[in-house]
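Report on the structure
Here's the letter readout for the chains.
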Amino acid sequence: MRIELANLEGGKGEFSATYETGQLELEDERVRLATPLTVNGQIKRSGAEVIVSGNITGKLFINCDRCLKPLETPLNNQFELDYVSGSDYEALPDTELTEEQMLISVFDGVAIDVDEIVKEQVLLAVPARILCSDDCKGICPTCGLDRNTTDCNCETSTSDPRWDALKSLKQR
Ligand SMILES: [Zn+2]
Ligand SMILES: [Zn+2]
């Protein structure tokens, strides 16, 4: 969904949208939607800036880092974003950007892409590391079985060729 600034009455408006599972292309293969996501927000022009705020709710599946099992994770994310058009951004004084200016996003000056906001916010909400349990045994690197549910008979020593070389030295 794109919001055309020209269509905003009095320079502001409200929006809401629902994204069905599978409707959002997330650029993180560990993550997909477990339920539809809902976004509700406000958009407001303020001088050269456009301020977009709102919240996103729903549920995600995020894969366990070790065994790749999808873990249902609630999402409830507030956001507030400042946009300026590309030309207005370039017109900012050429001194070092203040911390506030570094948080400014650039848009084409015509419309705000809500899909992009939602995707970005979802990925920001995903923790760098997530485990189904602290002692998740992960997947066997040899046969690919989930070691939490199946005991495979593979050699469990995670041998490193460098150590093997040392061992054979000792045996001489
Ligand atoms: Zn796991
Ligand atoms: Zn195995």
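What counts and what doesn't
- Residue positions are counted from 1 within each chain, in the order its sequence is given.
- Written order decides the labels, with chains lettered from A and ligands numbered from 1.
- For this predicted model, a pLDDT threshold of at least 70 governs which residues receive local features, and a threshold of 80 or more governs which side-chain atom pairs are given and counted, while totals over whole chains, interfaces and linings are taken from all residues.
- Where side-chain values are given, they derive from all heavy atoms of the structure, hydrogens and water being excluded.
- Listed donors are limited to N, O and S atoms within 2.8 Å of the metal, widened to 3.2 Å for Na, K and Ca; water is not among them, so incomplete-looking sites are possible.
- When four donors show all angles between 85 and 135 degrees the site is tetrahedral, when four or six donors have opposite pairs over 155 degrees and all other angles between 65 and 115 it is square planar or octahedral respectively, and in every other case it is irregular.
- The way it works is that DSSP assigns letters per residue, a run of H or I at least four long becomes a helix, a run of E at least two long becomes a strand, and they are numbered from the N terminus.
- For every residue, the accessible area obtained with a 1.4 Å probe (protein chains only) is divided by the maximum for its type, and the residue is called buried under 20%, exposed over 50%, and partly exposed between those limits.
- Stacked, tilted and edge-to-face are the three classes applied to pairs of Phe, Tyr and Trp rings, where Trp contributes its six-membered ring and a pair requires centres within 6.5 Å; stacked means planes under 30 degrees apart, edge-to-face means over 60, and tilted covers the rest.

**Describing the coordination of the zinc ion (ligand 1)**
- Coordination of the zinc ion (ligand 1) by the protein involves Cys 64 (SG), Cys 67 (SG), Cys 132 (SG) and Cys 136 (SG), with metal-donor separations of 2.3 Å.
- Taken together, the 4 donor atoms coordinating the zinc ion (ligand 1) and their angles of 104 to 114° define a geometry best described as tetrahedral.
- The sequence pattern formed by the donor residues of the zinc ion (ligand 1) is C-x2-C-x64-C-x3-C. Here Cys 64 is found in the loop between strand S5 (49-63) and strand S6 (70-85), whereas its partner Cys 136 is found in the loop between helix H3 (114-125) and helix H4 (161-171), with 72 residues between them in sequence.
- Judged by its relative accessible area of 5%, Cys 136 falls in the buried class.

**Here's the deal with the packing of aromatic side chains**
- Evaluated as defined, the whole model comprises 1 aromatic pair.
- Residues Tyr 83 and Phe 107 carry aromatic rings whose centres are separated by 5.9 Å and whose planes lie at 80° to one another, so their mutual orientation is edge-to-face. Here Phe 107 lies in strand S7 (residues 104-107) and Tyr 83 lies in strand S6, a separation of 24 residues in the sequence.
- Here Phe 107 falls in the buried class, since its relative accessible area comes to 11%.

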